[in-house]
Every structure is written in structure tokens, then in C-alpha cells.
Amino acid sequence: MSKSFNKTLLVGALLALCATLPAFADAPKPPAQAVSSFGALADEFFDSYYFPNNPTQATLSGIHRYDDKLEDYSRAQIDREIAALQKFDARFGAIDAQTLDEMTRGDRDLVLNYIHSNLLTLQTIRPWEKNPDTYSSGITNSAFSIMERKFAPPPERLRLLIAREKQMPAALAAARANLKNPPKIYTDIALEQLPGLVEFFRNDVPAAFADVTDATLKQQFAESNGAVIKALAEYEAWLKKDVLPKSNGDFKLGADTYAKKLHDDEMVDIPLDKLVAIDMANLRANQAEFARIAKEVDPKKTPRQVLAELAANHPDPAKLLDTFRSTFDGLIKFIDDKQIITIPSQVRPILEETPPFMRATTFASMDTPGPYETVAKEAYFNVTLPEKSWDKKRVDGFMAQFSYPVITVVAAHEAYPGHYIQFLWMQNIHDRVRKLLGANTNVEGWAHYCEQMMLDEGLAQSLFPNDARQQKFLRLGQLQDALLRNARFIVGIKLHTGQFSFDQAVDFFVKEGYQSRTVGTVETKRGTSDPTYLYYTLGKLQILKLRADVQAKQGAAFNLKQFHDSFMQQGFAPIKIVRHAMLHDDTPTL
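Residues numbered from 1 in each chain as written. Predicted model: local features only at pLDDT ≥ 70, side-chain atom pairs only at ≥ 80, totals over all residues. Heavy atoms only, no water.

**Let's talk about the pattern of salt bridges**
Item 1. Per the counting criterion, the structure on display carries 38 salt bridges.
Item 2. With its nearest N and O atoms 2.8 Å apart, the salt bridge here joins arginine 348 to aspartate 329. Here aspartate 329 lies in helix α16 (residues 328-338) and arginine 348 lies in the loop between α16 and β1 (350-353), a separation of 19 residues in the sequence.
Item 3. A residue is classified by how much of its surface remains accessible, and arginine 348, at 38% relative accessible area, is partly exposed. (Salt bridge = Lys/Arg side-chain N within 4 Å of Asp/Glu carboxyl O. Helix = DSSP H or I, 4+ residues; strand = E, 2+ residues; numbered from the N terminus. Buried < 20%, exposed > 50% of the residue type's maximum accessible area, 1.4 Å probe, protein only.)

Here is the structure:
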């Protein structure tokens, strides 16, 4: 039940920096015993708490000794986890940070923030009590983690899956005991997801193990898989009949809890009203730039009309994956030609459709192997396709987000030089904390920063050297994506502090974020349970400020590739930690 750092969008390892920062060489060396004691406690934390209580995360991380286990969703287990976290909080807190070196001090901060974030989630936010999808999508992800990567022969992985499936009905039974007055939107999302989850177990899971010939194993799987399908169907019926009519709860965190979550997750303590002002200024600047370029495209049209033209220029849904795949050559060539960043490997990610349990709240994501995975090293670029049952109007509204220029921007975000290159950099760290813990302002902030940075460095001119109109459309696509993230920033805060209703949030995405109503609805749904999804723009702005400050400090010696490579060497740590490592001060991140 513990909240782990989100590896669905990016799982990987972090590179240690201690030996590469000259400024650290002159610092007094801390007592080796203090660093060693911290390392022993961190090992105890991961071995006795983190992995045993998060077997699905262990599988995703490449730790396979828990592959036959499933998370214990019972209330008794939740209480046990709270007690364990409180004990570790006291033990890590008792370590004097001043006795540790720079890297280990950052590790201590990461572990403490992880503990505080989990305690806040379990004790205050309480998704185990409020969110039915926690259970149904949670067990589905547990099955998917076994089937998606071929870390063992199919018969062995099927045995592991059977062992997990046998525990899944109990997880759904725990949901019935735990759930109390969930918000209606949470029950709606769970019900929206459930038919796809049932089909996943009915069709996708058996297909993944179709080559297994052991008759006994196949019979055991038929029984365990059938029991999961039955339990999910009963869970869906129960949610419809008993839970939905009584779903009157409130999803809002409130200002105090929101601010605490932002601090615990991202090490950001800027007042919420100041954060809103910062983002609104950036949103207005992006809107003004969009209007300027739209006028250059066609002075007779309003920005909205140009946006409609941009949105209509999308591939057929059947060709969407191939269209994404075709962007890689141009992006890689530009990165190499312009010396943007070092690409550590020529292996490319695999394009595939988003798994069913993720489709209701995400359009595209990068799924990379865990830091300890030694066999199944494939990385997957997931893209959500419109459902076959949708009518043309709904398909067109959905595909508006996938115009050709936006596809290029999304590919830069997810793959080159965004999430995928960051993952490739993270293969050689030997610091266990940095392999497993981090911040979304780093992960998503980096990827969102890359969208803008690539255009600023001349990507549009490189891809369309003789077509000024397409160059402008590419910048408009980047700005539309930036406005989407600007809107997430405002909606996340205002939804959870009671300043926006659900409908007002959707309207904000449409009017201010320049999104279709279909996209705005999906994004608002996501914001109800992913409240701090402001981390895209928040992280990007922190990185831009860090780059400007490094450049001001280095002057003529500043080199963009060196900056990006140095940033990669910091791993996924909150920008506050990265900033201190690169600038050696505690100046504000924004």
C-alpha cells in the first residue's frame, strides 16, 4: 500500500556524482563510520520495509524475490506500515546531517521525504479509504509487471502470476472493508476503468502466456485467472449498486495538506498563492507567444482558429504509433548535430499501446526497466489510442492532442532527449537510495524542459529547413503542450483548495490551456487523484532558473551539453538537491 516514486512514467537508476564534483574534493571528509551507519540503515529500510511491502514495485525495480507476493491491502497492514514508517522516521532523523558528505546528506533527505510522504498518504490523504481504483488498477498493475517483461521463461513467470492472482480476490475483499464514502469522481473513474481491466485479464494476460504447454500449469492459470475475472466483475457490480449511490466524499486535499505534500514530494515550500502567480505569468507569456506566431501563420485568423487548424492535422489513429516512431531519426540527428546531450546508448524504445489500466488518465508515457533488472531491459513508449467503440466526434476530440507537430513535441518529452535519455544515463550508479527514490519535478520537469529547449536550439529549422509554416506549427505545438502543463498547475492547486469546481477546471483547460473539452475532462479527472501534477511546469521553471544561474556563474565557459550532462549525473533528486550540487549554495530554486 505504500506510495512509491512513480516508475510508470520513468523507472531507472541514478548516477553518483560525488567523485565528479571538484568542489567536494576540498571539503572535509566526514567520518566514514557515519556514512557507513547511514548506508546500513538505508539497506535495512529497503530490505525490511520498502520491497517486502511493495512487491509490485520490487518486480518493476528488477528485484524478483517478491514476484509471487501481492501487496497486502488490509487495514491491519496499513497500520503496520504506519508504525514501521514512524520508527524509521525517528531513526533516520536522529542521524546528524552534518556528519555526512554531500551525496549522503541528499540521500538522507530523500529517505526522510519519502517516509513523510507515505505517512501523509496513509494517515491523511487515505486513498485506501477513498479511491476504489487503488485496488482494481493496483492488482492489474501487479499482473502486468509479471507479464510485460521477459525476465524469466514463460512457465516460470506464469507460476509467479498464478501465485499473485490467488491473492487478488482478497485484495478486492479488503477494498469492501476499507472504502468509506469515496468521492463520486473516484468511483466513476474506477467504473470507467473496470471493463478494460476485465478484458485485460480475459484476453491480454492469457495471450501473453499462450506458448506455455504445461497442461497442469495451464489449468491452474485458468482457475486463478477466472477467479480474478469473477472477483473484478463482482467488484464492478458492487461499486455500481452499493458504492456509487453513496459516493459523497470529497477528493480535495485542502491548502495545508496540499502544501505539505508538495514539500514532502518535491522539497518545494513556496506559498501556494505565489506558485499560482508564477504559473499564471508563465501561462500568459505562452499565450502571448502563441498569439504572435498564430498571427504570422495567418493574420486573418484568430489564435483559436489557427489552433483548430493545428488540431485537425493529425494522423489516422491506426497510424499513430508509426508516426511517433518516425520522429526518432530526426530528433537523434538534431541532438548529435547540435551537441545537446550525450546519448549513452543507440538502443531505441519500443512503441506500444498504453496498457488498459492506464488509459483513462494518461495519453503517453515512458515505461523503462528498473535499476536492478538484468534480463528484461526493454523500454516501452506507451501511447493511448482512441477506443474502437467511440463515435467519430469523440475520436476527433481525442486525436486533437496528437497533431503532427504535437507528436514531435511529445516524442521529445518521452524519448529524445526526455525520459528515455535520462533513463539511459542512470545505469551506473552504486547508490541504492538514488536508484530508487526521487522527485517528479526532476523527472517530468526535465522532460517538459526538453520540449522547449529543443525548439529554442533550432529543432524546427532542422526538421523543416525550407518550410517556415511547418516551423511555426511546431512551435505552436510546443506552446500548446506548455499551456496544457500551465493549466495542470493552476487546476491542481485550485481544485484541491476549493477554488475550482470540476466543471470550472475543465473550462480552464479549454479556455486557458487551449485543449479540447475531451482532453480537459481527462486531465481534470487525473487532477482529482494526482493533485501535484504541477510538477511539469514547476520542474521546468526550476531547471531554466538553474541553467541561467549556472550560465551567469560560468560566463563564456558555459556549455549547454556540459550543463545537460552534469544535470543527468544528479539523478532524479529534487531540484533543490541538484541545485546545491551544481552551484554549491542554497539560493532559491525559483
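Resuming the write-up.
**Some details on helix α25 (residues 517-529)**
Item 1. A rise of 1.5 Å per residue sets the reference length of α25, with its 13 residues, at 18 Å; its end C-alpha atoms lie 19 Å apart and thus fit the reference within 8%.
Item 2. Buried residues of α25: Val519, Gly520, Val522, Glu523, Thr524, Lys525, Arg526, Gly527 and Thr528, and no others.
Item 3. Lining the buried residues of α25 we find α10 (184-208), α17 (392-399), α23 (468-496), α24 (502-511) and α26 (535-554). (Expected span 1.5 Å × (residues − 1). Contact = heavy atoms within 4.5 Å.)

**A closer look at the sheet that holds strand β3 (residues 380-383)**
Item 1. Spatial ordering of the open sheet is given by β1-β3-β2, a layout of three strands whose pairing is mixed. In this open sheet, the two strands that pair with only one neighbour each are β1 and β2 (364-367). Each strand of the sheet is rotated relative to its neighbour by a mean of 25°, with strand direction disregarded.
Item 2. Strand direction decides the pairing type here: β1 and β3, joined by four bridges, are parallel. (Pairing = 2+ DSSP bridges. Axes fitted to C-alpha atoms, helices over the stretch in contact; angles between N-to-C directions.)

**Observations concerning the packing of helix α21 (residues 440-456) against α23**
Item 1. The geometry of α21 relative to α23 is characterised by a closest axis approach of 10 Å and an angle of 155° between their N-to-C directions. Between α21 and α23, the crossing angle belongs to the class labelled roughly antiparallel. The hand of the α21/α23 crossing is left-handed. In this structure, α21 contributes His448, Glu451, Gln452, Leu455 and Asp456 to the contact, and α23 contributes Leu474, Arg475, Gln478, Asp481, Ala482 and Arg485.
Item 2. The residue inventory of the contact of α21 with α23, partitioned by class, reads three nonpolar, three polar and five charged. (Parallel < 35°, antiparallel > 145°, perpendicular 65-115°, else oblique. Left-handed = near helix turned anticlockwise from the far one by under 90°. Nonpolar A, V, L, I, M, F, W, Y, C, P; charged D, E, K, R; others polar.)

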